[in-house]
Amino acid sequence: MNIIILDGYTLNPGDLSWAELEKLGNCVIHERTAAEDIVTRAKDAEILIINKVSIGKSEIAQLPKLKYIGLCSTGYNVVDIQAAEDRNIVVTNVPAYSTLSVAQMAFAHTLNFCQHVSEHSLSVNSGEWSQSPDFCYWKFPLIELQGLTLGIIGFGRIGQSVAKIGRAFGMKVNYYDITVLPDESATFLKVNLETLLRTSDVITLHCPLTPATEGMINRDRLSLMKSSAFLINTSRGQLIDEAALAEALNTGKIAGAGLDVLSTEPPAPHNPLLSARNCYITPHIAWATKAARIRLMKTVVQNVRAFLDGKPVNQVN
Ligand code: NAD
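Structural notes, computed from the coordinates. Please read all numbers here as calculations on a predicted model, not as lab measurements.

Within the chain, the secondary structure is distributed over 11 helices and 12 strands. If one aligns the C-alpha atoms of the chain with their principal axes, the spans along those axes are about 70 × 50 × 35 Å. For the chain, with 317 residues in total, the buried portion stands at 46%. Contacts in the chain between residues at least 24 apart in sequence constitute 61% of all its contacts with a sequence separation of at least 6. Counting only carbon and sulfur atoms, one obtains 55% of the accessible surface of the chain, whose full area is about 15,600 Å².

Here it is as structure tokens:
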């Protein structure tokens, strides 16, 4: 079998191994592939492994040997699922490999607002502590999470992991979700979206990008938030109206935003959030801890092996 990897770099920038996949066929690994090179590079592929390159109807029509598309991600919106199905091409994803890493990132951003470790450290490095008349000083209000309200929008795998961490910090945890959830959710309080927005000190987004969630954090909803509240987004950038968030930050309507995702990635240089007040942005790295990438690589290989054995797993079409 010809196995072609089109954009393997972010999964394995050099600290993991493709060896297990290479045992399953003739592997060609590309670190990145521009849209115009997809068809040329994939033309002999029976098995195609991708992360963020787009395989639409037109690409599928030009790849007659293709039998399988393996995604190195949970989301599969980059593939035209219907076109794949029409050709009996199996498409698989990797669910849940990064749940705890993403939950941890939601708190990395939350704790950043509480203690500003990096900024205080830079201030010490620049000599400010050495010149201080006191034994200590702080450049931002310091915040204890105990007793504050954490509002989680989207109470699936990641949302529920975030809830447990919030509870360990002594936070009151509320959530909003459109589905009725079993077990875990029973120990946390379900509220409506308006109540969550009005009462939370930290609001964190964990729902998928769908037509219903696109732009859900808009000007009206931001205006319901406390002026002392922080918004955290490790989900998808398109959930937020970015111009409205930049305005809310710059006018002090909310206290800060910690974002791991933006509507366009990489962002355009004029994205208003890049220069907004109290806006901290990480470059979509919540999923990318080494532990999560090891799990991801393992499942990518297991998915291909199961397909070759005629019993596909994690099939999304
Ligand atoms: P999940 O499917 O387990 O949970 C999503 C939850 O959102 C579900 O309970 C669902 O009912 C709820 N939901 C759907 N529509 C909603 C709506 N309109 N309002 C409120 N709730 C709604 O997914 P998960 O594994 O917890 O992942 C959540 C999201 O995190 C993913 O969809 C993905 O976008 C994002 N993610 C980001 C990274 C990263 O690196 N930043 C990594 C993995 C996942």
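The structure having been displayed, the exposition proceeds.
As a further point, take helix H5 (residues 99–115). For H5, spanning 17 residues, the distance from its first C-alpha to its last is 25 Å, which sits close to the expected 24 Å at 1.5 Å a residue. With 12 of its 17 residues buried, H5 lies for the most part within the structure. Within H5 the residues assigned to the buried category are Thr99, Ser101, Val102, Ala103, Met105, Ala106, Phe107, His109, Thr110, Asn112, Phe113 and Cys114.

Attention now goes to the state of the cysteines. Under the counting rule described, the total for this entry stands at zero disulfides. The thiol of Cys72 is unpaired, and the distance to the nearest cysteine sulfur, on Cys27, comes to 11 Å. Counting only cysteine sulfurs, Cys114 is the nearest neighbor of Cys136, a cysteine outside any disulfide, at a range of 18 Å. Cys136 gets classed as partly exposed once you look at its relative accessible area, which sits at 29%.

The next subject is the packing of H5 against helix H7 (residues 157–168). For any two helices packed against each other, one specifies the crossing angle of their axes together with the interaxial distance. One way to put it is that H5 packs onto H7 with a least axis distance of 9 Å and a crossing angle of 50°. Comparing the axis directions of H5 and H7 gives the class oblique. Crossing geometry of H5 relative to H7 is assigned as right-handed. Contacts from Thr99, Leu100, Val102, Ala103, Gln104, Ala106 and Phe107 of H5 reach H7 at Arg157, Ile158, Ser161, Val162, Ile165 and Gly166. Looking at the contact of H5 with H7, its residues break down into eight nonpolar, four polar and one charged.

Cut-off values and rules
Here the residue numbering is sequential within each chain, running from 1 through the sequence in written order. Predicted model: local features are reported for residues with pLDDT of at least 70 only, side-chain atom pairs are reported and counted for 80 or more only, and whole-chain, interface and lining totals are derived from all residues. The side-chain figures draw on all heavy atoms in the structure; neither hydrogens nor water molecules are used. The numbering of helices and of strands both runs from the N terminus, where a helix is a DSSP run of H or I of at least 4 residues and a strand a run of E of at least 2. Only protein chains enter the calculation, and the probe is 1.4 Å; a residue is then buried if its accessible area is under 20% of its type maximum, exposed if over 50%, and partly exposed in between. Working rule for contacts: check all heavy atoms of both residues, and any pair within 4.5 Å makes them a contact. Each accessible area is a Shrake-Rupley result for a 1.4 Å probe, and residues are judged covered by the shown protein chains and nothing else. How far a helix is expected to stretch is found by multiplying one less than its residue total by 1.5 Å. Cysteine sulfur atoms that come within 2.5 Å of each other are treated as a disulfide pair. Every axis in this analysis is a line fitted to C-alpha atoms, fitted for helices over the stretch in contact. Angles between the N-to-C directions lie between 0 and 180 degrees. Any angle that is under 35 degrees is reported as roughly parallel, and any over 145 degrees as roughly antiparallel; angles of 65 to 115 degrees are reported as roughly perpendicular and all others as oblique. Crossing handedness is read from the near helix: turned anticlockwise from the far helix by less than a right angle, it gives a left-handed crossing, and turned clockwise, a right-handed one. Polarity classes work like this: nonpolar for Ala, Val, Leu, Ile, Met, Phe, Trp, Tyr, Cys and Pro, charged for Asp, Glu, Lys and Arg, and polar for all others, with Gly in that last group.

In short, the description is geometric, and any link to function would need to be established separately.
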